[in-house]
Amino acid sequence: MGIVQIIAVILILVLLVKPAGTYLYHVFSGEPNRTDRIFGGTERGIYRLIGLKQRGGMSWKKYAVSFIVTNIALVTFSYILLRLQKGLPLNPGGIGNMEETLTFNTVISFITNTNLQHYSGETGVSYFSQMAVMTMLMFTSAASGFSVAVAFVRGITGRSSVGNFFEDFVKAHIRVFIPLALLVTLALVGLHVPQTLKPALEVTTLEGQSQQIAIGPIASLESIKHIGTNGGGFFGANSAHPFENPSPLSNVLEILSMWLLPASLPYMYGKFAKNKRQGWMIFGAMMTLFVVLLGLNYAAESAGNPAVNAMGIDASQGSMEGKEVRFGIAQSALFTTVTTAATTGSVNNMHDTLTPLGSITPLTLMMLNNVFGGKGVGLVNMLMYAILGVFLCGLMVGRTPEFLGRKIEAREMKLIAIAILIHPLIILVPTAAAFLTDLGQGSISNPGFHGMTQVLYEYVSSAANNGSGFEGLADNTSFWNITTGIVMLLGRYVSIIAMLAVAGSLLRKKPVPETIGTFRTDNGLFTGILIGTVLIIGALTFLPVIVLGPIAEYLTLR
Amino acid sequence: MANSNKETAEEQQSPSKAAYIFTIIRLSAVFIVLCGIIYPLASTALAQVLMPSQANGSLLKNSAGQVVGSTLIGQNFTDQALFQSRVSSIEYKAEASGSNNYGPSNPDMLQRTSDSITQWKLDNPGVPVSELPIDLVTNSGSGLDPHITPAAAIVQIPRISNLSGIPPETLTALVSEYTEGRDLGLFGEKRVNVLKLNLALTELKAK
């Protein structure tokens, strides 16, 4: 039954990919279409409101600067608001202002679409902050990332320009995120997720005890949290909390919400490239890696923890430490795999409690950071590996490599090398640094090899802009707030700027005609090469550290 | 005329830096208001009008109409004559959710689990440990899990029957009445809501 329900969810996703990808193409291609009639008026109103007269294409530099400056404006506002939340309205819990380094970490975490949370929602932020900072940044960071991905696709498929950032940003909100979020919010309320501005409930339990139940405007955050692949929970327990995720049905809805847009982007890309097969090949490579890693987590969690199983109890359910009964192993494993593939970072079971081999799945997906991936970034990263794959093949046969009819030369490869190397660099260096200092080591809550994984996971999650955590780590200290803040910033902006530069550089090249000698990038051979490149370049870098953490722990438990 | 047209076009293509920054500030302001204020408030209004019970925490009332909790949030049951919930490091205090995040090799977790099993043996003599389902001795992720598996309810029946005098058949019938199936017959796991079950049990005893 476990495998059947997993297959059912994957099938629903695959069926939705084509319509969603087509819709996204219509939204961003700039060709007139039916969505103009519904949303065009609102958008023109907004363009007028912000004084945007020219909506012509930007240079890649202008696009990147607009993206960054908009992000700075949003983050400045959010920083001020969190530091002053005590005196602002809608604070029924009387929550105080947020501490400086924690605020620094939190605003970076949300603007970079990471949503690593070093605060706990119940006690750390007011309802107003949950709405005007958390929910707002969930929309705007997702729309920012999405715009960049579309710009990159325009660049490598040889459109006239990378597009206009402001127009993309507005369209992403008005035609994608806001309508979808409203629908999912109402569906979630229908499935019993609360949405209220009333203060915490005070009830007398069946045994006559008093129980305070934190509540709030949860559904409206929950929907965009997944649609925007953000992942920051309203509550500390995130999507394991019954108010955030009350039933298996809400779980499936949340999984599809976070998976659909990233999974539809390869199809949209195929339409932009006027080669749908190419889109499906990329999708196929992503899905292959996804299924393998999902299988690993499902098998490991079903087998359970040998040390607990040895106690003689009925452990046929699998490893239930840190998991909820309503989800069981199947819905937990699927959620864990999707949330780290799509770099959402919400959790419906505690990743710190995963069995050693089970924890390899989320770690690997975040280390690769291109299996579906978060809003846009996953597709961009996968295309980066595709270009790298083409380059490697070109070296082997001694031809100048081409991708989509454009020559790949030294400048592009240098930029791609930067984007690929920054990821392991900002994971492994701070991990090592954390072990050299008491500030880092002192926060480890699980002894032995598992502690190694805790630290590694925190930086992997920050660098991949995922935001899930091995939450036992006592990470609300200046050391962790500042180091992970910097890692999140580098993880987000360095690769995005490098890839926009690649797009700009490719746009300037003259297309070369396709000949019989052109290496085709839309067949099974290329999918194989792509997966190989991802595994050799992306995964091997991290093999030693995986051996030191999860595999060593596995060997001690066996 | 042609000249001035050209000038306007150039002006539009490269507006001054101040105008560009001002556009960005206005763009940010628009979406702060739209996504941060209008959207959540509109959602709240719609939810409160259309689905007030769900939007306010799905409260559970007893037959006298008093609220005894939320159907979604688990509770701590100390009375051995009631069905027990899962382990919760926060003892089902729902003002702040969470758990200890013990890794699989953590000695504290192994000790806690083995202590739970020892306690279980004391409370449930006559039921072999091999029948004790793992969900009863493990901590849920949220610390607020409202459910246990049907097997975890059934295994508690002999103890509750002994303490309360209710015949096991009645309790078995009660458990199967409160066993919820998989969603749409496919998704998730079969489960029993402990609070609902215990409420029914308490009202059965009162009769």
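From a predicted model like this one, the values you see are computed outputs, not experimental measurements.

Visitor: Before we go on, may I ask you to explain the overall build of chain B in this structure?
Guide: If you tally the helices and strands in chain B, you get 8 helices and 5 strands. Mapped in sequence order, the helices and strands of chain B form the string α-α-α-β-β-α-β-α-α-α-β-β-α. Over its C-alpha trace chain B gives a radius of gyration of 28 Å, far above what one expects of a compact globule, namely 17 Å for 207 residues. Once the C-alpha set of chain B is aligned to its principal axes, its extents read approximately 100 × 45 × 30 Å.

Visitor: Can you help me understand empty space enclosed by the protein in this one?
Guide: Picture a little ball the size of a water molecule; that probe, rolled over the atoms, points out where space is still empty. One pass over the structure, following the stated rule, counts 4 cavities of 30 Å³ or more. Roughly 70 Å³ of internal volume is contained in the largest cavity. Of the residues belonging to the lining of the largest cavity, the class tally is 6 nonpolar, 7 polar and 1 charged. When the residues that make up the lining of the second largest cavity are grouped by side-chain class, the tally is 2 nonpolar, 6 polar and 2 charged.

Visitor: What exactly am I supposed to notice about the pattern of salt bridges here?
Guide: Think of it this way: side chains of opposite charge can pair up when their charged atoms draw near. Using the criterion set out here, one finds 23 salt bridges over all chains in the structure. One salt bridge connects A:K225 with A:E222, and the closest N-O pair in it is separated by 3.0 Å. Of the two residues, A:K225 and A:E222 are both situated in helix α8 (residues 219-227); the distance of 3 residues between them amounts to about one turn of the helix. Taking the shortest distance from any N to any O, the salt bridge between A:E514 and A:R520 comes out at 3.3 Å. Each of A:E324, A:R326, B:R86 and B:D145 takes part in salt bridges that share partners, so that together they form one network.

Visitor: Whenever I open this one, the layout of surface pockets confuses me. Can you help?
Guide: In this structure, the largest pocket occupies an estimated 560 Å³ of space. Per-element accounting of the lining of the largest pocket gives the leading share, 5 residues, to helix α4 (residues 107-123) of chain B.

Visitor: What is the right way to look at the nonpolar core in this model?
Guide: In a soluble, globular protein the nonpolar side chains are often hidden away together inside. Counting 157 residues, the largest nonpolar core has A:F177, A:W259, A:F290, A:F372 and A:F403 as its most contacted members. The greatest single-element share of this core, amounting to 19 residues, is contributed by helix α6 (residues 127-156) of chain A. With near-sequence residues (within four places) excluded, A:F403 lies in contact with A:I156, A:Y269, A:Q278, A:L383, A:A386, A:I387, A:V390, A:I408, A:T521 and A:F526. With 38 residues, the next largest nonpolar core counts B:L132, B:L136, B:A153 and B:L174 among its residues.

Visitor: Just checking my understanding: could you explain the packing of aromatic side chains for this structure?
Guide: Each aromatic ring pair is specified by the distance between its two centres and by the angle formed by the two planes. Residue and element names in this part refer to chain A. Across all of its chains, the model carries 24 aromatic pairs over all chains by this definition. Ring geometry for F67 versus F165: centroids 6.1 Å apart, planes at 70°, classification edge-to-face. Taken as a pair, F67 in helix α3 (residues 60-83) and F165 in helix α7 (residues 165-190) lie far apart in primary sequence, 98 residues in all. F165 shares its class with F67; the two are buried. Between F67 and Y493, the ring centres sit 5.5 Å apart and the planes meet at 45°, which makes this aromatic pair tilted. Placement of F67 in helix α3 and of Y493 in helix α18 (residues 478-507) is noted, with a sequence separation of 426 residues between them.

Calculation criteria
- Once a new chain begins, its residue numbering starts again from 1 and follows that chain's sequence as written.
- The lettering of chains begins at A and the numbering of ligands begins at 1, in the order of writing.
- Totals for whole chains, interfaces and linings use every residue, but because this is a predicted model, local features are given only for residues with pLDDT of at least 70 and side-chain atom pairs only at 80 or more, for both listing and counting.
- Just so you know, side-chain values use all the structure's heavy atoms and leave hydrogens and water out.
- For the purposes of this entry, the term helix denotes a DSSP run of H or I that reaches at least four residues, the term strand denotes a run of E that reaches at least two, and both are numbered from the N terminus.
- Note that the radius of gyration is over C-alpha atoms, with the globule rule given as 2.2 Å times the number of residues to the power 0.38.
- Here a cavity means grid points, on a 1 Å grid over the protein atoms only, where a 1.4 Å probe fits yet cannot get out; a pocket means an open set of points with protein on both sides within 12 Å along at least five of seven lines; lining residues are those with an atom within 4 Å of a point.
- Grid points are joined across faces, edges and corners, and a volume is the space filled by probe spheres set on the points.
- Lys, Arg, Asp and Glu make up the charged group, whereas Ala, Val, Leu, Ile, Met, Phe, Trp, Tyr, Cys and Pro make up the nonpolar group; the residues left over, Gly among them, are polar.
- Salt bridges are defined as contacts in which a side-chain nitrogen from Lys or Arg sits within 4 Å of a carboxyl oxygen from Asp or Glu.
- The term nonpolar core refers to a set of buried residues drawn from Ala, Val, Leu, Ile, Met, Phe, Trp, Tyr and Cys, joined through side-chain atoms within 4.5 Å.
- Partly exposed residues are those whose accessible area sits between 20% and 50% of the maximum for their type, while under 20% is buried and over 50% is exposed, using a 1.4 Å probe and protein chains only.
- Throughout, a residue-residue contact means that at least one pair of heavy atoms, one from each residue, lies within 4.5 Å.
- Pairing of aromatic rings covers Phe, Tyr and the six-membered ring of Trp, with a centre-to-centre limit of 6.5 Å; geometry is then stacked below 30 degrees between planes, edge-to-face above 60, and tilted otherwise.

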